[in-house]
Amino acid sequence: MGDDIPDPFPNHTSYLSKVESAHLHELSISELQATTVSQVEALRQIMQAFLSIHNDVTPIHRLPTALLSNIFTRCYHDPRSIHIAYVCRRWRDVLLGTSAFWVDVLAGQPFDFYASAEVRRRRVGLMKTLFRLSGMRNLTIRLVHYQKTFTRCLEQDAWCVGPRITSLHVTIYSLPELMLLRETLESTMSFLQRLEIIFSSSEQRESDPGRPWYTKMNTFDGIQAFPSSSTPRLRSISVPGIIFPLFTSQSIQHVTYNRPWRPDLGYERLRDCLHTFSQLKSLSIHRPVMSRDDAAAVRSRGRISLPSLQTLTIRNDCGNSTEPISNIFHLPALVHLHVLHFDGHNTLIFVNPLLPEDSELFALLLKDVNRVEIVKEDMHTGCSVGVAVRVCSGDTERVRISCKSDSAGPNSFIALFRPYASITHLSIAMYDRIYGCARFFRAFPGLRALRIVSCAAAILFYTALGGRDVEDDPLSVVAPHLKTLAVSFPFESDSPIKKALLSKARATEVPRAMNWHRFPAYIRSILEHRAQRGSRLESFEW
């Protein structure tokens with residue numbers, strides 16, 4: 001048999017022993033092929049074994065399984081994070097056993113079941129797979145369109161999903177979807193703790209595309225309140241104001257009242273909605289417009305008392321036709337106030353309509369503050385640039401005021417902060433729209449530390465430091481107790497910040513003859529001028 005087979009491997013003698021070569025020469029062609037295939041498979045397994053041993057001794061693969069799983073619980077950021085399962089077999093096995101990772105995957109994946117039957121089938125399969133991988137952990141579910149497909153998925157799944165859902169975020173596109181959601185809450189989500197509902201509309205499904213379904217007359221008439229007995233653990237709701245009265249659970253502690261607003265939610269309706277929330281700790285609400293009847297009702301029935309409320313967020317985009325906050329609410333436990341004011345007029349937006357009517361409320365919140373931060377902020381209200389003023393006690397924020405930047409003038413700051421001389425630290429970051437800076441620092445007579453970070457109006461602020469606190473007193477100086485000045489912004493040639501600084505240097509409040517290279521000398525002259533008036537810096541950071 002060996003004589004019939006020519007020597008097919010003369011070039012491989014260095015890899016084959018004489019015994020192996022002699023054995024192969026005695027085989028037929030079919031036997032030779034079968035033998036070589038089996039040998040290749042055996043060698044492949046040996047090679048994989050050696051590669052696995054090599055990988056096992058590398059530092060990254062010597063991590064204990066529990067530690068590696070703990071790392072994976074913090075790895076999910078977007079759907080691409082699942083690619084870590086492709087690194088190696090061990091990582092894949094550990095990842096599949098890390099239920100916390102798949103809980104995050106489920107929470108970050110909005111499911112839309114308003115689709116074709118094939119797409120719905122795939123999405124149901126994916127959801128059930130994530131249910132299984134999540135073990136028995138609590139779940140956060142995000143849905144776009146609330147469909148019966150999801151309800152059936154809860155009923156059929158063997159992983160007891162309904163009781164594990166603690167947070168539900170739903171975008172509702174029609175009244176039937178809202179009714180179906182109510183039925184589901186009544187039957188299968190007894191452990192739900194947080195509920196967020198957003199109303200949206202689809203032009204393809206609207207008979208009147210120019211008018212969303214939720215604005216039609218009597219849309220919500222006759223709808224029963226959302227069940228409170230079947231969701232006894234519900235603590236937080238974020239719902240459109242138009243269905244706000246449908247929630248009456250006494251266990252609710254955190255309420256966010258979103259768009260679309262309820263236009264007739266005045267004092268009486270607001271009082272009726274809030275009186276059931278005896279444990280309310282945080283409230284985010286659109287500021288109610290008070291009619292003359294409402295104002296009379298406030299005087300006759302008194303303010304709405306929320307004895308446990310600690311955080312209040314007020315959105316005010318209806319100008320000055322509102323009742324002061326302190327005339328509507330009685331808030332003895334309030335520790336944090338966030339005011340979002342979207343008035344389009346150039347009013348003193350920080351103090352109007354909040355002060356002087358709300359001076360009692362501010363006096364309670366600002367009595368022990370010592371830090372103020374002024375930063376640029378995206379308002380998301382049609383104007384791209386706004387300003388946020390954070391008022392803090394140490395590292396704890398007590399008041400935050402957000403408004404349009406073109407409404408922030410020095411008089412606003414003076415009226416709001418000058419009565420509180422305890423403010424010792426001021427930080428101004430990424431902001432360049434404060435007008436009349438020469439009067440700005442009069443708002444902070446007790447200021448001891450100032451930090452200016454990447455601010456295109458920096459020259460104007462420095463010039464303001466050379467001003468007087470009292471116009472007719474030549475020896476007075478603004479912020480006379482200032483001891484620390486810190487400056488931080490880029491000075492690269494032709495940088496946008498440098499161009500902005502040079503542009504601001506041409507303003508009337510700054511000497512026109514100043515150029516960029518004389519800027520440090522100009523600051524030094526201001527500091528020397530302050531020192532002559534008895535206000536000398538102890539620390540200057542450049």
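Residues numbered from 1 in each chain as written. Predicted model: local features only at pLDDT ≥ 70, side-chain atom pairs only at ≥ 80, totals over all residues. Heavy atoms only, no water.

Caption draft 1: Geometry of the pattern of salt bridges. According to the stated counting rule, one finds ten salt bridges in the structure shown. The partner of R122 in a salt bridge is E118, and the shortest N-O contact between them spans 3.6 Å. Within this pair, R122 and its partner E118 are both found in helix α6 (residues 117-133), separated by four residues, close to a single helical turn. Accessibility expressed as a relative area gives 39% for E118, which makes it partly exposed. Here R398 and D368 are joined by a salt bridge, their closest N and O atoms 3.0 Å apart. One end of the pair, R398, is in strand β14 (residues 396-404); the other, D368, is in the loop between α13 (359-366) and β12 (371-377), with 30 residues separating them in the sequence. Taken together, the shared-partner salt bridges connect E373, R390, E397 and R400 into one network. (Salt bridge = Lys/Arg side-chain N within 4 Å of Asp/Glu carboxyl O. Helix = DSSP H or I, 4+ residues; strand = E, 2+ residues; numbered from the N terminus. Buried < 20%, exposed > 50% of the residue type's maximum accessible area, 1.4 Å probe, protein only.)

Caption draft 2: Summary view of the packing of helix α5 (residues 99-107) against α6. Packing of α5 against α6 brings their axes to within 8 Å, and their N-to-C directions diverge by 150 degrees. Both α5 and α6 take part in a crossing whose hand is left-handed. Between α5 and α6, the contacting residues are S99, W102, V105 and L106 on the first element and L130, F131 and L133 on the second. The residue makeup of the contact of α5 with α6, split by class, is six nonpolar, one polar and no charged. (Axes fitted to C-alpha atoms, helices over the stretch in contact; angles between N-to-C directions. Left-handed = near helix turned anticlockwise from the far one by under 90°. Contact = heavy atoms within 4.5 Å. Nonpolar A, V, L, I, M, F, W, Y, C, P; charged D, E, K, R; others polar.)

Caption draft 3: Molecular detail of the packing of aromatic side chains. Counted according to the given criterion, the structure contains eleven aromatic pairs. Consider the rings of F226 and F247, whose centres lie 4.5 Å apart with planes at 15 degrees: the pair is stacked. Remark: F247 occurs in the loop between β5 (236-240) and β6 (254-258) and F226 occurs in the loop between β4 (194-199) and β5; sequence separation between them is 21 residues. You can call F226 buried: its relative accessible area is 5%. On the numbers, 6.4 Å between centres and 55 degrees between planes, the contact of F244 with F277 is tilted. In this pair, F244 is assigned in the loop between β5 and β6 and F277 in the loop between α10 (267-274) and β7 (282-286), connecting sequence segments 33 residues apart. Its relative accessible area of 3% is what places F277 among the buried residues. Grouped by ring-pair contacts, the aromatic residues F417, F440, F441 and F444 constitute a single cluster. (Phe/Tyr/Trp six-rings, centres within 6.5 Å; stacked < 30°, edge-to-face > 60°.)

Caption draft 4: Representation of the nonpolar core in the model. Counting residues in each nonpolar core, the largest one holds 115 residues, and the members touching the most others are L168 and F329. Discounting chain neighbours no more than four positions away, the residues touching L168 are I141, L143, L181, L185, M189, L192, R194, L195 and E196. (Core = buried A, V, L, I, M, F, W, Y, C linked by side-chain atoms within 4.5 Å.)

Caption draft 5: Region of the structure containing the environment of L527. If you trace the backbone, L527 turns up in helix α17 (residues 519-532). When sequence neighbours within four positions are dropped, the list of residues in contact with L527 reads L485, L537 and F540.

Caption draft 6: View of a nonpolar patch on the surface. There is a patch of nonpolar side chains on the surface, built from L43, I46, F50, I53 and V57 and spanning about 520 Å² of accessible area. Looking at the secondary structure, you find L43 in helix α2 (residues 29-56). (Patch = residues over 30% accessible without salt bridge, like charges linked within 9 Å, V, L, I, M, F, W, Y side chains within 5 Å. Areas by Shrake-Rupley, 256 points an atom, 1.4 Å probe, with all protein chains shown as cover.)

Caption draft 7: Quick peek at helix α9 (residues 175-187). An ideal rise of 1.5 Å per residue puts 18 Å on 13 residues; α9 measures up with 19 Å between its terminal C-alpha atoms. Turning to α9, its buried residues number three or more, namely E177, L178, L180, L181, R182, T184 and L185. (Expected span 1.5 Å × (residues − 1).)

Caption draft 8: How the structure looks around the layout of surface pockets. In this structure, the second largest pocket encloses a volume near 250 Å³. Considering the residues around the second largest pocket, the lining is formed by L16, E20, H23, L24, T35, T36, Q39, V40 and L43. Listing elements by their share of the lining of the second largest pocket, those giving two or more residues are α1 (18-25) and α2. The greatest single-element share of the lining of the second largest pocket, amounting to five residues, is contributed by α2. Split into classes, the residues belonging to the lining of the second largest pocket amount to four nonpolar, four polar and one charged. (1 Å grid on protein atoms, 1.4 Å probe; cavity = no way out; pocket = protein on both sides within 12 Å on 5 of 7 lines; lining within 4 Å. Points joined across faces, edges and corners; volume = space filled by probe spheres on them.)

Caption draft 9: Empty space enclosed by the protein, seen in detail. The final tally for this structure, using the stated rule, is one cavity of 30 Å³ or more. What the largest cavity holds in volume is close to 70 Å³. Surrounding the largest cavity, L185, L192, L195, F226, P227, S228, T231, L234, F247, T248, S249 and I252 form its lining. Here the lining of the largest cavity is built from residues that sort into eight nonpolar, four polar and no charged.

Caption draft 10: Quick look at the environment of H425. With respect to the secondary-structure elements, H425 resides in strand β15 (residues 425-429). When the C-alpha positions of H425 and G446 are compared, they lie 8.9 Å apart, and in sequence the two are 21 residues distant. Sequence-distant contacts of H425, defined by excluding residues within four places in its chain, comprise N370, R371, V372, L447 and A449. Engagement of the side chain of H425 in a polar contact is seen with the side chain of T424, the distance being 2.7 Å. (Polar contact = N/O pair within 3.5 Å; in protein donor to acceptor, adjacent residues only side chain to side chain.)

Caption draft 11: Region of the structure containing α5. Most of α5 is tucked away: eight of the nine residues are buried. Taken together, the buried positions of α5 are S99, A100, F101, W102, V103, V105, L106 and A107. If you follow the buried residues of α5, they end up packed against α3 (65-72), α4 (89-96), β1 (111-112), α6 and β2 (139-144).

Caption draft 12: Region of the structure containing the pairing of β5. The buried count for β5 comes to five of five residues, which makes it a mostly enclosed element. Of the pairings in the sheet, the one linking β4 to β5 comprises three bridges and is parallel in character. Looking at β5, one finds that L195 is bridged to I237. As paired strands, β5 and β6 are joined by five bridges and run parallel to one another. Along β6, the bridge assignment pairs S236 with H254. (Pairing = 2+ DSSP bridges.)

Caption draft 13: Geometry of the packing of α3 against α4. The contact between α3 and α4 brings their axes to 9 Å, and the two run at 70 degrees. Taken together, the axes of α3 and α4 lie roughly perpendicular to each other. Where α3 crosses over α4, the two elements pack in a sense that is right-handed. On α4, the residues that touch T65, L68, S69 and F72 of α3 are R90, W91, V94 and L95. When the residues that make up the contact of α3 with α4 are grouped by side-chain class, the tally is five nonpolar, two polar and one charged. (Parallel < 35°, antiparallel > 145°, perpendicular 65-115°, else oblique.)

By themselves these figures say nothing about function.
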